[in-house]
Amino acid sequence: MSYSWWRVGTIYQIYPRSFQDSNGDGVGDLDGVRGRLDYLVWLGVDAIWISPIYPSPMHDFGYDVADYRDVDPIFGSLESFDRLVGAAHARQIKVILDFVPNHTSIMHPWFIDSRRSRSSEKRDWYIWRDAAADGGPPNNWLSNFGGSAWAWDEATGQYYHHAFLAEQPDLNWRNPDVRAAMHDVLRFWSRRGVDGFRVDVVSDVIKDAAFRDNPLNPAWTPGEPEIRRLSPTYSTDRPEAHDVVAGFRRVIEEFDNRVLIGEIYLPIERLVAYYGENLLGLHLPFNFHLLSVAWTAPDVAALIETYESALPEGGWPNWVLSNHDRPRAAARVGQEQARVAAMLLLTLRGTPTLYYGDELGVGHVEIPPDRIQDPCGKRDPGLGRDPSRTPMQWDASPFAGFSTHAPWLPLTPDYETRNVEVMRHDATSILSLVRSLLHYRRRSAALKEGEWSLLSQDSSILAYKRGWGEYSIIVVLNFSGLPRIWSNPAGGEPRIAISTHGDRRAEAVGTTVPLRANEGLMMETARASNDVTPNKPTDPASS
Ligand code: GLC
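Values in this document were obtained by computation on a predicted structure and should not be read as measured data.

A. Fine view of the site of the ligand. Around the ligand, 14 residues are found, and the nearest of them are Asp60, His103, Asp200, Glu263 and Asp325. Between the ligand and the protein, one listed contact pairs an oxygen atom with a side-chain N or O atom of Arg198 at 3.1 Å. For the ligand, whose accessible area on its own is 310 Å², the fraction buried by protein is 97%. Split by residue class, the shell around the ligand holds four nonpolar, three polar and seven charged.

The structure is reproduced here in structure tokens:
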């Protein structure tokens, strides 16, 4: 079987405002990304997914698109985009764009026309409804960012729907002209050479045709975000969303070798439905369950088993450890366990998505109240996403090599040591660990394609096998802060290929394997380390 690039490769998410600034304004841009491609080659990733770069008033930092076919001047231009794609492809790095179909910006010409009058040509491109009998919103639906999902438009005397900010009106995906126009957007970028799309909130694009009220969520408790007060039964994950996805897929199939990924926060059984009938939906419905799982060996083991067994026949798994909307891995599980988490992400079956900065173990960054940027954080600092969007840290210079100007968000207080330049020279750093894992994975058929099976699990140890029979890799993760001994039920005499602590390389272990506190070990079975197998490790330091 031949595996597509998006199955065997690792995706690296870039939040473009925060990766590299090339023009000294304190905000990252596309020429900046291009200048750092050699780092990504060194690191060992195969594709970059770039969060939105389109012209935008930046109410939601680019997730409010005012023109789907251009680049915001803050990030560059179509020319700088083309240069980036050319330079990435020259290095065998694929480029995935963010595609935001659920909503536009209020500044998009379609919406400007739509709100001009009830008889505008584009009126039906958005979701307009009359007020309820009492003059209030048409139903009880809530915005993900707080308050009602309906905004009153005084001039035309109707409400429009917005699942996020009022500045992000939702498109009406029941209108065939909207579908056709957005399909052409996919073609526009595909012709420009992009290798695929990450589709924003794809499960939410279609709303209930009758706009029924959402039921109360019995599990909600006061103090939890308001959006959880209702179950979004009628405003999200409607059956017709699958038709929209199938439409995207048909467009993607007009081009060779592209990938369709979707942002979906749903329970596993509903998530996997997005692979689509006959697998003609998303190639990779993003699996975000590691973002919320309780960080214990039994919980993580149960998650992997549930997900693996829920996948449809032929559906390719994927795992995400962090993204720009949720607390970073190191903020959730702590510095020591962040290494265990990295080993887990890069040794599970399926496509991993690595979030920029996680390779440095960047954790929660405290944002002073007067520097809050995220609209969610302005509403409720506890919900702010800025702490996960801080600039990449390249070196110990005043602005961490990110910019020559004070960056738009703060750096970590320890950036003078937590940066690429310092950590790349330290064989025991998390950066060296991530790099070793990425390079090993690239060369290991067992890790890229092999089966996953549970070897053993107790309250603190999770052990699993990847690969086939004697050609296998064994991964043992100690989720606890205490040393542990692991008894290897598989027998044999495996040798350690990678420890999360950066040492013990090539150590032969017997049937009982000692692990230090918070240690993860990736081991080769005797045959897997043999020169003739596809699993021969290469020394990342020498590559
Ligand atoms: C997605 C994005 C998030 C954005 C929202 C609205 O969830 O990941 O950053 O705010 O969509 O577009």
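B. Local environment of helix H4 (residues 78–90). Here H4 is 13 residues long and its end C-alpha atoms lie 18 Å apart, about the 18 Å a rise of 1.5 Å per residue gives. Here H4 has its buried residues at Leu78, Ser80, Phe81, Leu84, Val85, Ala87 and Ala88. For H4, the secondary structure elements touched by its buried residues are helix H2 (30–35), helix H3 (37–43), strand E2 (47–50), strand E3 (94–99) and helix H6 (176–191). Gln92 occupies a position one or two residues after H4 and carries a positive phi of about 60 degrees.

C. Examining the nonpolar core more closely. The biggest cluster of nonpolar side chains holds 145 residues, and the ones touching the most others in it are Tyr12 and Trp189. A total of eight residues in this core trace back to one element, the largest contributor, which is helix H11 (residues 335–347). In contact with Trp189, other than residues within four places in its own chain, are Tyr54, Tyr68, Arg69, Asp70, Val71, Leu78, Phe81, Leu97, Val194 and Phe197. Grouped together as the second largest cluster of nonpolar side chains are eleven residues, Ala463, Trp486, Ile496 and Val509 included.

D. Representation of the pairing of E2. Residues Ala47 and Trp49 of E2 are buried on one face, and the alternating residues Ile48 and Ile50, pointing to the opposite face, are buried as well. With four bridges connecting them, strand E1 (residues 11–14) and E2 associate as parallel partners. Paired with Ile11 across the two strands is Ala47, which belongs to E2. Sheet topology note: the E2/E3 ladder contains four bridges and is parallel. Within the sheet, the bridge partner assigned to Ala47 lies in E3 and is Lys94. Regarding topology, H4 serves as the crossover connection from E2 to the parallel E3, and that connection is right-handed.

E. Fine view of the packing of aromatic side chains. Applying the stated criterion across every chain yields a total of 33 aromatic pairs. Consider the rings of Phe19 and Trp394, whose centres lie 5.2 Å apart with planes at 80 degrees: the pair is edge-to-face. In this pair, Phe19 is assigned in the loop between E1 and H2 and Trp394 in the loop between helix H12 (375–379) and helix H13 (420–423), connecting sequence segments 375 residues apart. Just as Phe19 is buried, Trp394 falls in that class too. Residues Trp295 and Phe479 carry aromatic rings whose centres are separated by 5.2 Å and whose planes lie at 45 degrees to one another, so their mutual orientation is tilted. One end of the pair, Trp295, is in the loop between strand E9 (284–285) and helix H9 (297–310); the other, Phe479, is in the loop between strand E14 (471–478) and strand E15 (484–487), and 184 residues separate them in sequence. The two residues Trp295 and Phe479 agree in class, both being buried. Put simply, the rings of Tyr12, Phe19, Tyr39, Trp42, Tyr355, Tyr356 and Trp394 pair up and form one aromatic cluster. Above the face of the Trp128 ring, Arg123 is positioned so that its terminal group lies 3.6 Å from the ring centre. A cation sits over an aromatic face here: Arg424 above Trp42, 4.4 Å from the ring centre.

F. Looking closely at the packing of H6 against helix H7 (residues 241–252). The contact between H6 and H7 brings their axes to 10 Å, and the two run at 40 degrees. As judged from the angle between their axes, H6 and H7 are oblique. By crossing handedness, the relation of H6 to H7 is classed as right-handed. For the pair formed by H6 and H7, the contact residues are Arg179, His183, Leu186 and Arg187 on the first element and Asp243, Val244, Gly247, Phe248 and Val251 on the second.

G. Fine view of the confidence of the model for the protein. Overall, the predicted model of the protein reaches an average pLDDT of 95, with 96% of residues at or above 70. The low-confidence segment residues 529–543 (pLDDT under 50) makes 33 contacts with residues lying over four places distant or belonging to another chain.

H. Molecular detail of the environment of Ala446. Within the secondary structure layout, Ala446 lies in helix H15 (residues 445–449). In this structure Ala446 comes out as buried when scored by relative accessible area, which is 0%. Each C-alpha atom of the pair Ala446 and Thr347 lies 9.4 Å from the other, and the pair is 99 residues apart in sequence.

I. Focus on the sheet that holds strand E12 (residues 452–457). One open sheet accounts for five strands, arranged E12-E13-E14-E18-E16; its pairing is antiparallel. If you trace the sheet from one side to the other, it starts and ends with E12 and strand E16 (495–499), each paired once. Looking at each pair of strands side by side, their axes are set apart by 25 degrees on average, direction ignored. Across five bridges, E12 lies against strand E13 (residues 461–468) in antiparallel orientation. The residue bridging Gln457 from the neighbouring strand is Leu462, located in E13. Strand contacts of H11: E13, E14, E16 and strand E18 (520–524), with the helix running at about 155 degrees to E14, the strand carrying the most contacts.

J. Seen up close, the packing of H11 against helix H14 (residues 430–443). It is at 10 Å that the axes of H11 and H14 come closest, and there the two elements cross at 10 degrees. Taken together, the axes of H11 and H14 are roughly parallel relative to one another. Residues Ala338, Arg339, Ala342, Met343, Leu345, Leu346 and Thr347 of H11 touch H14, and the partners they reach there are Ile430, Leu433, Val434, Leu437, Leu438 and Arg441.

K. Examining the pairing of E1 more closely. Where burial is concerned, the two faces of E1 agree: the one with Ile11 and Gln13 and the one with Tyr12 and Ile14 are both buried. Relative to strand E11 (residues 351–355), E1 runs parallel, the two being bridged by three bridges. Considered in E11, the bridge of Tyr12 is made with Leu354.

Criteria and thresholds
Counting starts from 1 at the beginning of each chain's written sequence and moves along it residue by residue. Local features in this predicted model are restricted to residues of pLDDT 70 or higher, and side-chain atom pairs are both shown and tallied only at a pLDDT of 80 or more, whereas totals for entire chains, interfaces and linings draw on every residue. Values reported for side chains reflect all heavy atoms of the structure, with hydrogen atoms and water molecules removed beforehand. Throughout this document, a residue counts as near a molecule or strand when at least one of its heavy atoms sits within 4 Å of that molecule or strand. What qualifies as a polar contact is a pair of N or O atoms within 3.5 Å, subject to a donor-acceptor requirement within protein and to the restriction that residues adjacent in sequence count only when both atoms come from side chains. Reported accessibility uses the Shrake-Rupley method at a 1.4 Å probe radius. Residues are deemed covered only where the shown protein chains occlude them. Basically, the charged four are Asp, Glu, Lys and Arg, the nonpolar ten are Ala, Val, Leu, Ile, Met, Phe, Trp, Tyr, Cys and Pro, and anything else, Gly included, counts as polar. A run of H or I in DSSP counts as a helix once it spans at least four residues, and a run of E counts as a strand once it spans at least two, with each numbered from the N terminus. Helix span, expected: 1.5 Å multiplied by one less than the number of residues in the helix. Burial classes follow relative accessibility: with a 1.4 Å probe on protein chains only, a residue under 20% of its type's maximum area counts as buried, one over 50% as exposed, and anything between as partly exposed. Here, residues are in contact when the closest pair of their heavy atoms is within 4.5 Å. Put simply, buried Ala, Val, Leu, Ile, Met, Phe, Trp, Tyr and Cys residues joined by side-chain atoms within 4.5 Å make one nonpolar core. Strand pairing is assigned whenever DSSP identifies at least 2 bridges connecting the two strands. Here is how to tell: hold the view so the strands point away, follow the path from the first strand over the helix to the second, and if it runs clockwise the crossover is right-handed. Each Phe, Tyr or Trp ring (for Trp, its six-membered ring) is paired with any other whose centre lies within 6.5 Å, and the angle between the two planes then decides the class: stacked below 30 degrees, edge-to-face above 60, tilted in between. Throughout this description, the term charge over a ring refers to an Arg CZ or Lys NZ atom that lies within 6 Å of the ring centre and within 35 degrees of the ring normal. In this analysis an axis means a line fitted to C-alpha atoms, helices contributing only their contacting stretch, and an angle means the value between N-to-C directions, from 0 to 180 degrees. Throughout, the term roughly parallel applies to angles under 35 degrees, roughly antiparallel to angles over 145, roughly perpendicular to angles from 65 to 115, and oblique to all others. Handedness of a helix crossing follows the sense of rotation of the near helix relative to the far helix, less than a right angle counterclockwise being left-handed and clockwise being right-handed. In predicted models, pLDDT denotes the confidence assigned by the predictor to each residue on a 0 to 100 scale.

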